[in-house]
Amino acid sequence: MKQEYFTLADGHQMPKQGFGVYKITDQATLDEAIQAAFDAGYRLFDTAQMYGNEAMLGNALAKLPAKREELFITTKISEANQGYDTTIASFKESLKQLQLDYVDLLLLHWPIHETFFDSWRALEDLKAAGLVKSIGTSNYGMIHLQYLATQAREMPVVNQLERHPWFNQAAMLEFDRQHDIVTQAWAPLGRGRMMDEPVLTELASKHQKSPAQIILRWQYQSGISFIPKSAHAERIVENAAIYDFELSPAEMTMIDELNRNTRISQEPELVYELNHQYPHN
Ligand SMILES: NC(=O)c1ccc[n+]([C@@H]2O[C@H](COP(=O)([O-])OP(=O)(O)OC[C@H]3O[C@@H](n4cnc5c(N)ncnc54)[C@H](OP(=O)(O)O)[C@@H]3O)[C@@H](O)[C@H]2O)c1
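Residues numbered from 1 in each chain as written. Predicted model: local features only at pLDDT ≥ 70, side-chain atom pairs only at ≥ 80, totals over all residues. Heavy atoms only, no water.

An unreviewed UniProt entry annotates the chain as Aldo keto reductase of Limosilactobacillus equigenerosi DSM 18793 = JCM 14505. If you open the UniProt record of the chain and go to Sequence similarities (unreviewed entry), you find "Belongs to the aldo/keto reductase family." (UniProt positions renumbered as here; feature names shortened; annotations may be inferred.)

Looking now at the overall build of the chain. Assigned secondary structure in the chain consists of eleven helices and ten strands. Rg of the C-alpha trace for the chain: 18 Å, near the compact-globule value of 19 Å for 281 residues, within the 12% margin. For the chain, the spread of C-alpha atoms along the three principal axes comes to 55 × 40 × 35 Å. Here the chain holds 281 residues, and the buried ones make up 57% of them. (Helix = DSSP H or I, 4+ residues; strand = E, 2+ residues; numbered from the N terminus. Rg over C-alpha atoms; globule rule 2.2 N^0.38 Å. Buried < 20%, exposed > 50% of the residue type's maximum accessible area, 1.4 Å probe, protein only.)

We now examine the site of the ligand. Not every one of the 29 residues close to the ligand is listed here, only the nearest: D46, S138, R191, K229 and S230. Between an oxygen atom of the ligand and a main-chain N or O atom of A187, the distance comes to 3.0 Å. Coverage of the ligand by the protein chains reaches 88% of its 910 Å² of free accessible surface. Broken down by element, the shell around the ligand gets its largest block of residues, three residues, from helix 9 (residues 233-240). Here the shell around the ligand is built from residues that sort into 13 nonpolar, ten polar and six charged. (Near = heavy atom within 4 Å. Polar contact = N/O pair within 3.5 Å; in protein donor to acceptor, adjacent residues only side chain to side chain. Areas by Shrake-Rupley, 256 points an atom, 1.4 Å probe, with all protein chains shown as cover. Nonpolar A, V, L, I, M, F, W, Y, C, P; charged D, E, K, R; others polar.)

On to helix 4 (residues 116-128), then. The first and last C-alpha atoms of helix 4 sit 19 Å apart over 13 residues, in line with the 18 Å expected at 1.5 Å per residue. Regarding helix 4, the residues found buried are F116, F117, S119, W120, A122, L123, E124 and L126. Buried residues along helix 4 sit in contact with strand 5 (72-77), helix 3 (84-98), strand 6 (103-108), strand 7 (132-138), helix 5 (142-148) and helix 11 (268-274). Positive phi appears at G130, one or two residues downstream of helix 4, with a value of about 80°. (Expected span 1.5 Å × (residues − 1). Contact = heavy atoms within 4.5 Å.)

A few words on the packing of aromatic side chains. Each aromatic ring pair is described using two quantities: the centre-to-centre distance and the angle formed by the ring planes. One pass over the structure, following the stated rule, counts nine aromatic pairs. Here F116 and F117 contribute two aromatic rings whose centre-to-centre distance is 5.1 Å and whose plane-to-plane angle is 90°, an arrangement assigned as edge-to-face. F117 sits in the buried class, given a relative accessible area of 17%. Site record: aromatic cluster; members linked through ring pairs are F116, F117, Y140, Y147 and Y272. Sitting over the face of the ring of F38, R43 holds its NZ or CZ atom 3.7 Å from the ring centroid. (Phe/Tyr/Trp six-rings, centres within 6.5 Å; stacked < 30°, edge-to-face > 60°. Lys NZ or Arg CZ within 6 Å of the ring centre and 35° of its normal.)

This paragraph deals with unusual backbone geometry. The backbone phi angle of A187 is positive, close to 50°, even though this residue is not glycine. With respect to the helices and strands, A187 occurs in the loop between strand 9 (182-186) and helix 7 (198-207). In the Ramachandran plot, R191 falls in the positive-phi region, its phi being about 55° despite a non-glycine side chain. When you line up the elements, R191 lands in the loop between strand 9 and helix 7.

Right, let's get into the UniProt feature "domain: NADP-dependent oxidoreductase" (unreviewed entry) in the chain. UniProt annotation of "domain: NADP-dependent oxidoreductase" (unreviewed entry) refers to residues 25-259 when read in the numbering used here. Between the first and last C-alpha atoms of residues 25-259 the distance is 31 Å; the span itself is 44% helix and 14% strand.

This paragraph deals with the sheet that holds strand 8 (residues 158-162). Spatial ordering of the open sheet is given by 3-4-5-6-7-8-9-10, a layout of eight strands whose pairing is parallel. Looking at strand neighbours, the two that pair on one side only are strand 3 (19-20) and strand 10 (225-226), the edges of this open sheet. Taken together, the two bridges between strand 7 and strand 8 define a ladder with parallel strand orientation. The residue of strand 8 that forms the bridge with T137 is N159. (Pairing = 2+ DSSP bridges.)

So, on to the UniProt feature "active site" (unreviewed entry) in the chain. Following the UniProt record, one finds the feature "active site" (unreviewed entry) at Y51. For Y51, the location among the structural elements is in the loop between strand 4 (44-46) and helix 2 (54-62). Not counting residues within four places of it along the chain, the set of residues in contact with Y51 comprises V21, Y22, T25, D46, K76 and H109.

Tallying each qualifying case throughout the model produces 15 salt bridges. The closest approach of N and O atoms between E4 and K2, which form a salt bridge, is 3.2 Å. On the basis of relative accessibility, which here comes to 43%, the residue K2 falls in the partly exposed class. Between K63 and D31 there is a salt bridge, with the nearest N and O atoms lying 2.6 Å from each other. In this pair, K63 is assigned in the loop between helix 2 and strand 5 and D31 in helix 1 (residues 27-40), connecting sequence segments 32 residues apart. (Salt bridge = Lys/Arg side-chain N within 4 Å of Asp/Glu carboxyl O.)

Side chains of K23, R191, R193, K229 and R235 sit close together on the surface and give a patch of like positive charge. When you line up the elements, R235 lands in helix 9. (Patch = residues over 30% accessible without salt bridge, like charges linked within 9 Å, V, L, I, M, F, W, Y side chains within 5 Å. Lys, Arg positive; Asp, Glu negative; His and termini not counted. Charge placed at Lys NZ, Arg CZ, Asp CG, Glu CD.)

The following block contains the structure:
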């Protein structure tokens with residue numbers, strides 16, 4: 001995998017391509033996936049309190065032949081743990097589970113109304129205390145970021161968003177760019193649901209790549225960060241092998257035009273209003 005980094009607005013470097021571990025919840029599978037990802041060149045690993053696998057990820061990372069500074073570890077504060085004191089306390093527990101003394105990126109997993117500014121203040125203080133290198137948001141829309149700016153001492157440097165060919169978030173990408181926020185795509189493969197799209201299968205056979213590789217190359221050429229997940233070593237390798245071909249501007253447009261404005265997950269504004277995600281599947 002080509003090692004490329006974004007320089008974030010706070011000066012820290014973040015790998016462009018990372019590895020997500022949502023729904024990997026047994027130690028043996030996670031150990032194998034993390035080892036395969038590391039061997040394929042991944043250095044950014046993305047977890048969350050909500051995934052219930054921080055301790056397992058900590059165990060898997062401890063087995064890698066890597067220096068701490070080579071790795072970039074992200075976790076996220078769950079809705080239930082938001083609020084000033086609970087963010088701080090739960091994050092310290094996350095560090096313990098991860099067997100780390102700092103994380104590279106800490107995100108608020110979803111915007112919620114109840115504790116909106118207090119949770120962000122906790123992230124600013126954790127960064128000031130050196131327990132976190134960079135702070136950011138996830139699933140924040142324009143309105144949430146504009147509202148945050150009214151009280152924040154510093155703004156998020158990363159906004160992690162659902163983004164795939166059926167939901168390309170063109171307006172959010174532009175907004176983040178204008179505000180010096182790196183967009184990071186979650187579900188960058190659309191959870192595997194759109195591999196049969198004719199545009200993708202046609203481009204795949206033209207470039208002698210898989211539809212997954214076409215989608216990830218589109219993510220890369222869109223100028224954003226992206227964090228595909230797979231529990232299978234051969235797919236982990238496949239998803240990293242996207243740096244030896246190029247999509248033309250016309251091909252990029254063909255994928256852009258697959259947009260349906262349909263989400264896999266929740267509508268962030270509704271999560272904000274309800275203060276939690278509705279039942280999770
Ligand atoms: N901030 C948030 O709210 C949020 C929400 C969701 C996810 N995330 C993060 O983003 C990461 C990625 O998102 P995601 O896991 O939801 O979805 P994703 O990466 O778009 O897709 C993962 C799915 O695609 C399959 N897959 C992977 N590589 C493939 C390939 N080459 N060909 C065909 N299928 C393939 C995987 O199956 P196998 O595993 O069986 O190979 C899995 O079912 C997560 O792991 C998590 O770290 C963040």
